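Coordinate inspection notes
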Amino acid sequence: MKNIILFVLSLTLLSCSAQQKMTDYNSLWKKVEDLADKKGLPASALAEVKKIYSLAKKEKNDAQLIRALLYQVRLTETNTEDADQKNFDLIRRELSEAKEPARSLLHSVLASAYYGYFQENRWKLYDRTMTTGPKTEDIETWNADDLHAVISEHYLKSLKEKDLLLKQPLSQYEPVINKGNVRQLRPTLYDLLAHTALRYFTNPERDIRQTAKT
């Protein structure tokens, strides 16, 4: 799960767009970071993050709402038992309520979260027996094939609204994008999500079905 943090934060707007209300989110996030990183008070930081989440929801600020969601993932990951399952449930709940284009973005975030879990637990997953019939939401019951199927499903759903996503200039997401040296190749939100999905679909490990025998 730790492997998803850099990715998901790179997709999350850190400040309001010009169209959003001028709430000083920067000050709110500075307080969170001081509590979490400088004072070592994750529980207090989480309480502040939940306030930001509620405010962003009230203002319909998807950018700040997703950032608050993902900060909850970060804090839950380091301070809660069964953190992986709780974080997946948290993202799924938000996804069920989200509107486009945030919904497409959250599909990509969830897929990447599952992929991070796979990377950290691959050998345990390969050793699990094949499942039959409908699977539960409990990731502890999934094997590698189950997980790859869900990851693929969410990456594909992240690209489903292609026409809409092609109309979302990536310049609107400048505050959170790791520009790198290929920024010009990804002018729209669709390009960013497509490149993210492509990295997964071109990974040969997707075709591995079991651990190597010695």
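Quick look at the structure, then. Everything numeric here is computed off the predicted structure, so don't read it as measured data. (Residues numbered from 1 in each chain as written. Predicted model: local features only at pLDDT ≥ 70, side-chain atom pairs only at ≥ 80, totals over all residues. Heavy atoms only, no water.)

**Digging into the environment of Thr-76**
Relative to the assigned elements, Thr-76 resides in helix α4 (residues 62-79). Judged by its relative accessible area of 13%, Thr-76 falls in the buried class. In this structure, the C-alpha to C-alpha distance between Thr-76 and Asn-87, residues 11 residues apart in sequence, is 7.2 Å. Residues in contact with Thr-76, not counting those within four places in the same chain, are Ala-83, Lys-86 and Asn-87. Polar side-chain contacts of Thr-76 include one of 2.7 Å to the backbone oxygen of Gln-72. (Helix = DSSP H or I, 4+ residues; strand = E, 2+ residues; numbered from the N terminus. Buried < 20%, exposed > 50% of the residue type's maximum accessible area, 1.4 Å probe, protein only. Contact = heavy atoms within 4.5 Å. Polar contact = N/O pair within 3.5 Å; in protein donor to acceptor, adjacent residues only side chain to side chain.)

**A look at the pattern of salt bridges**
Considering all chains together, one arrives at 11 salt bridges under this definition. Between Asp-34 and Lys-30 there is a salt bridge whose closest N-O contact spans 3.2 Å. Note that Asp-34 and Lys-30 are positioned in helix α2 (residues 25-38) at a spacing of 4 residues, about one turn of the helix. In this structure Lys-30 comes out as partly exposed when scored by relative accessible area, which is 49%. With a closest N to O distance of 2.2 Å, Arg-92 and Asp-89 form a salt bridge. Of this pair, Arg-92 and Asp-89 both sit in helix α5 (residues 83-97), 3 residues apart, roughly one helical turn. Assessed through its relative accessible area of 18%, Arg-92 is described here as buried. For Asp-89, a relative accessible area of 25% gives the class partly exposed. (Salt bridge = Lys/Arg side-chain N within 4 Å of Asp/Glu carboxyl O.)

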